[in-house]
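# Summary of structural features
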Amino acid sequence: WGGKGLNIIPILPFGKVKASTTTFSWSKPAGINTYQLVISNDGNIIHSVSTRDTFVQINLKSLNLSIDKKYQWKVTTTGDSPINSNELEFAIGSEKDRIAALSNLNTSKLAKSSKNSALKGLIEAIALEKENWFYDAQQTYARTQKKHANSMVDIMYAAFWKRYGFNRLALKAARG
């Protein structure tokens with residue numbers, strides 16, 4: 001995705017995330033760039049890292065971020081004419097809240113009665129998304145799509161991206 005235009009669009013994470021290794025990803029503007037990812041809170045830089053890729057994995061646990069506190073991240077190209085992304089916001093969610101978000105899996109008649117693991121994956125992704133665990137929801141949609149050649153999974157995954165304005169990623173997901 002990307003390689004055209006003069007914009008950087010942050011993709012993930014947003015919403016609640018676990019205090020674990022998380023992949024921050026964004027679109028690629030035209031040209032070869034080096035990127036600076038900055039995580040901040042109320043304008044105070046908490047972490048900064050450079051990369052030549054359009055993603056970077058960061059162990060959020062090692063940053064000692066507080067549960068339920070809001071953090072922002074953005075990406076800037078380095079060089080003579082820097083390009084800046086807008087900011088995305090995320091918060092470290094508690095494991096208790098994540099388990100609560102997934103509690104519907106244990107009480108859903110559909111999930112309990114179905115032997116269809118694709119359906120169970122979709123129900124899990126929907127439950128996570130409903131409670132703002134967007135990064136985990138995306139990971140679950142992607143994992144479910146990879147395991148199952150199923151047009152319903154493709155449609156649901158595409159709808160996830162579409163809801164958040166990522167039309168190119170929605171088209172890619174719809175194609176399986």
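Residues numbered from 1 in each chain as written. Predicted model: local features only at pLDDT ≥ 70, side-chain atom pairs only at ≥ 80, totals over all residues. Heavy atoms only, no water.

### Some remarks on the environment of A19
Note that A19 resides in the loop between β2 (15-17) and β3 (21-26). Owing to a relative accessible area of 35%, A19 belongs among the partly exposed residues under this scheme. Through-space distance from the C-alpha of A19 to that of T144 is 23 Å; in sequence the pair is 125 residues apart. With residues near it in sequence (within four places) discarded, A19 still touches L60, K61 and I92. (Helix = DSSP H or I, 4+ residues; strand = E, 2+ residues; numbered from the N terminus. Buried < 20%, exposed > 50% of the residue type's maximum accessible area, 1.4 Å probe, protein only. Contact = heavy atoms within 4.5 Å.)

### Regarding the pairing of strand β6 (residues 55-59)
On β6, burial follows the alternation: V56 and I58 on one face are buried, whereas F55, Q57 and N59 on the facing-out side are not. Across five bridges, the pairing between β3 and β6 is antiparallel. The residue bridging T22 from the neighbouring strand is I58, located in β6. (Pairing = 2+ DSSP bridges.)

### Quick look at the pattern of salt bridges
Tallied over the full model, the rule gives five salt bridges. Of the charged contacts in the structure, one is a salt bridge between E89 and K70, with a shortest N-O distance of 4.0 Å. Of this pair, E89 sits in strand β8 (residues 88-92) while K70 sits in strand β7 (residues 70-77); the two residues are 19 residues apart in sequence, bridging distant segments of the chain. Overall, the relative accessible area of 49% leaves K70 in the partly exposed class. Residue E124 is joined to R143 by a salt bridge in which the shortest nitrogen-to-oxygen separation is 3.9 Å. One end of the pair, E124, is in helix α3 (residues 117-130); the other, R143, is in helix α4 (residues 134-147), with 19 residues separating them in the sequence. Overlapping salt bridges bring together K18, R98 and D136 as one network. (Salt bridge = Lys/Arg side-chain N within 4 Å of Asp/Glu carboxyl O.)

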